[in-house]
Amino acid sequence: ASPVAGQHWPVPRDCVNDLESAVLPTYPAIQEIKDALLACQADVALMSGSGSAVFGIFPHQQAAQQAGKAMAKKGRVFVVQPLAGAPSASSQKVE
């Protein structure tokens, strides 16, 4: 799959954690957090690894900041940015 021109992140269908299908039925709170992130304009919401954290990728910093405020009542929230100079999907060769 190739990235959309100008897209800095993988398109949502390319962002997958295969372990979610086993974990989400047992821990529905993780799905609730993912749904809340998507409702806050996240392009993608996934659990990390085995589910110790859930993260969202947002189209712009303002949306991420607003989501951080909205999600703060659900637990610890960290709003971060990619490192300067970090490669983006649009700068990587996809075969």
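Residues numbered from 1 in each chain as written. Predicted model: local features only at pLDDT ≥ 70, side-chain atom pairs only at ≥ 80, totals over all residues. Heavy atoms only, no water.

**Student:** So what exactly am I meant to see when it comes to the overall build of the chain here?
**Tutor:** Of the regular secondary structure elements, the chain holds 3 helices and 2 strands. Listing every helix and strand of the chain by position from the N terminus yields α-α-β-β-α. For the chain, buried positions account for 26% of its 95 residues. Long-range pairs, those at least 24 residues apart, make up 42% of the contacts in the chain between residues at least 6 apart in sequence. A total of about 6,700 Å² of accessible surface is found on the chain, and carbon and sulfur atoms cover 55% of it. (Helix = DSSP H or I, 4+ residues; strand = E, 2+ residues; numbered from the N terminus. Buried < 20%, exposed > 50% of the residue type's maximum accessible area, 1.4 Å probe, protein only. Contact = heavy atoms within 4.5 Å. Areas by Shrake-Rupley, 256 points an atom, 1.4 Å probe, with all protein chains shown as cover.)

**Student:** Looking at this structure, I do not really get the confidence of the model for the chain. What am I missing?
**Tutor:** A low pLDDT score tells you not to read the predicted coordinates there in detail. Looking at the chain, the pLDDT average stands at 81 and 76% of residues meet or exceed 70. Segment residues 1-6: pLDDT under 50, and 7 contacts once partners within four positions in sequence are set aside and those in other chains are kept. Low confidence marks residues 89-95, where pLDDT is under 50. Its contacts with residues over four positions away, or in another chain, come to 12 contacts. (pLDDT = per-residue confidence, 0-100.)

**Student:** Help me out: how do you make sense of the pairing of strand E2 (residues 53-57) in this one?
**Tutor:** For a regular strand, side chains alternate in direction, first toward one face of the sheet and then toward the other. Bridge count between strand E1 (residues 44-48) and E2: 5 bridges; the pairing is antiparallel. Residue pairing for E2: Leu 46 is matched across the bridge by Phe 55. Between the antiparallel neighbours E1 and E2 lie 4 residues, among them Gly 49 with a positive phi of about 50 degrees. (Pairing = 2+ DSSP bridges.)

**Student:** Mind showing me how you'd approach the pattern of salt bridges here?
**Tutor:** Scanning the entire structure with this criterion turns up 1 salt bridge. The residue Lys 34 makes a salt bridge to Glu 20 at a minimum N-O spacing of 2.6 Å. Taken as a pair, Lys 34 in helix H2 (residues 28-39) and Glu 20 in helix H1 (residues 20-23) lie far apart in primary sequence, 14 residues in all. Summarising the burial analysis for this pair, Lys 34 and Glu 20 share the class buried. (Salt bridge = Lys/Arg side-chain N within 4 Å of Asp/Glu carboxyl O.)

**Student:** Could you clarify how one ought to interpret the nonpolar core in this entry?
**Tutor:** The nonpolar side chains of a soluble globular protein tend to be buried with one another. Grouped together as the largest cluster of nonpolar side chains are 9 residues: Ala 36, Leu 37, Ala 42, Ala 45, Phe 58, Ala 63, Ala 64, Ala 67 and Met 71. Among the secondary structure elements, those contributing two or more residues to this core are H2 and helix H3 (61-71). Per-element tally for this core: the top contributor is H3, with 4 residues. Beyond its immediate sequence surroundings of up to four residues, Ala 45 is in contact with Lys 34, Leu 37, Leu 38, Phe 55 and Gly 56. (Core = buried A, V, L, I, M, F, W, Y, C linked by side-chain atoms within 4.5 Å.)

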